Amino acid sequence: MNKLLLIGLIVPLIIGGIVLSDTIFGTLANISYNITSSNHEYYTIPANINLGNLTAGMKGNYTANAEMNLQTSGNYTFMLNNGALRGEFSNFTVILKFANYTIILTKEHHQSDKMYIPSGNYNISIQIFYQVSQHAHTASISNEPLLYVKEENS
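As the structure is a computational prediction, the values presented were derived from the model and not from experiment.

J.: Could you clarify how one ought to interpret the overall build of the chain in this entry?
T.: When helices and strands are counted, the chain shows 2 helices and 8 strands. For the chain, the proportion of its 154 residues judged to be buried stands at 25%. If you take every contact in the chain between residues at least 6 apart in sequence, the share linking residues at least 24 apart comes to 80%. Total accessible area on the chain stands at roughly 11,200 Å², and carbon and sulfur atoms take up 54% of it.

Structure follows, in structure tokens:
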């Protein structure tokens, strides 16, 4: 009889425990991290550009600043990510200005020539001039890279 009583007490506890664990099961922790190598030849602090809500035919301009620190002198190329534009702009021109450099990138000419830049810290002024296509489709872009800098081998 003691066995029956014991089983009568244990079974509800086991079933209740399963139901309870199912009810309160959840995430205990989330993790995010970014590991960077100390061997990088350069680092950047990108500008965050938000053109807001746009409609077909709308045009405007936007100015932002970024920072680039080159640990060593070298040849670099600047590129506009046409994929971020999704073909929805009839005009998209970016002008980068820093030190004695002026770089103009467009959706038609989206990559600069390779240029020699001495080591140093550069504050980069970014000017954007745009016009949304008259035939633009509904699109939503969020935190997609727009401009790249790439170190080129001599």
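J.: Explanation requested: the sheet that holds strand β8 (residues 147–152) in the structure shown.
T.: Each strand in a sheet pairs with its neighbour through backbone hydrogen bonds, running either in the same direction (parallel) or in the opposite one (antiparallel). With antiparallel pairing, 3 strands are arranged side by side in an open sheet as β6-β3-β8. If you trace the sheet from one side to the other, it starts and ends with β6 (115–117) and β8, each paired once. Sheet twist, expressed as the average angle between the axes of neighbouring strands with direction ignored, equals 45°. Bridge analysis of strand β3 (residues 74–80) against β8 gives 6 bridges, and the strand direction is antiparallel.

J.: It is not clear to me how the nonpolar core should be interpreted in this structure. Could you clarify?
T.: General note: in soluble globular proteins, nonpolar side chains tend to be found buried as a group. Of all hydrophobic cores here, the largest spans 25 residues; its most connected members are Met68, Phe78, Phe92, Val94, Leu96, Phe98 and Ile117. For this core, the secondary-structure elements that each account for two or more residues are β2 (59–70), β3, α2 (82–85), β4 (89–98), β5 (101–106), β6 and β7 (120–132). The biggest single contributor to this core is β7, with 6 residues.

J.: How should the pattern of salt bridges be read in this particular structure?
T.: Opposite charge on two side chains lets them pair, provided their charged atoms get close. Inspection of every chain in the model, using the stated rule, returns 1 salt bridge. With a shortest N-O distance of 3.0 Å, Arg86 and Glu144 are connected by a salt bridge. Placement of Arg86 in the loop between α2 and β4 and of Glu144 in the loop between β7 and β8 is noted, with a sequence separation of 58 residues between them. In this structure Arg86 comes out as partly exposed when scored by relative accessible area, which is 45%. Taking the relative accessible area as the measure of exposure, Glu144 reaches 29% and is therefore partly exposed.

J.: Mind showing me how you'd approach the environment of Tyr62 here?
T.: Looking at the secondary structure, you find Tyr62 in strand β2. Sequence-wise, Tyr62 and Phe129 are 67 residues apart; in three dimensions their C-alpha atoms are separated by 6.7 Å. Look past the residues within four positions of Tyr62 in its chain and what remains in contact with it is Asn48, Ile49, Asn50, Leu51, Ile126, Gln127 and Ile128.

Rules of the game
- Residues numbered from 1 in each chain as written.
- Predicted model: local features only at pLDDT ≥ 70, side-chain atom pairs only at ≥ 80, totals over all residues.
- Heavy atoms only, no water.
- Helix = DSSP H or I, 4+ residues; strand = E, 2+ residues; numbered from the N terminus.
- Buried < 20%, exposed > 50% of the residue type's maximum accessible area, 1.4 Å probe, protein only.
- Contact = heavy atoms within 4.5 Å.
- Areas by Shrake-Rupley, 256 points an atom, 1.4 Å probe, with all protein chains shown as cover.
- Pairing = 2+ DSSP bridges.
- Axes fitted to C-alpha atoms, helices over the stretch in contact; angles between N-to-C directions.
- Core = buried A, V, L, I, M, F, W, Y, C linked by side-chain atoms within 4.5 Å.
- Salt bridge = Lys/Arg side-chain N within 4 Å of Asp/Glu carboxyl O.

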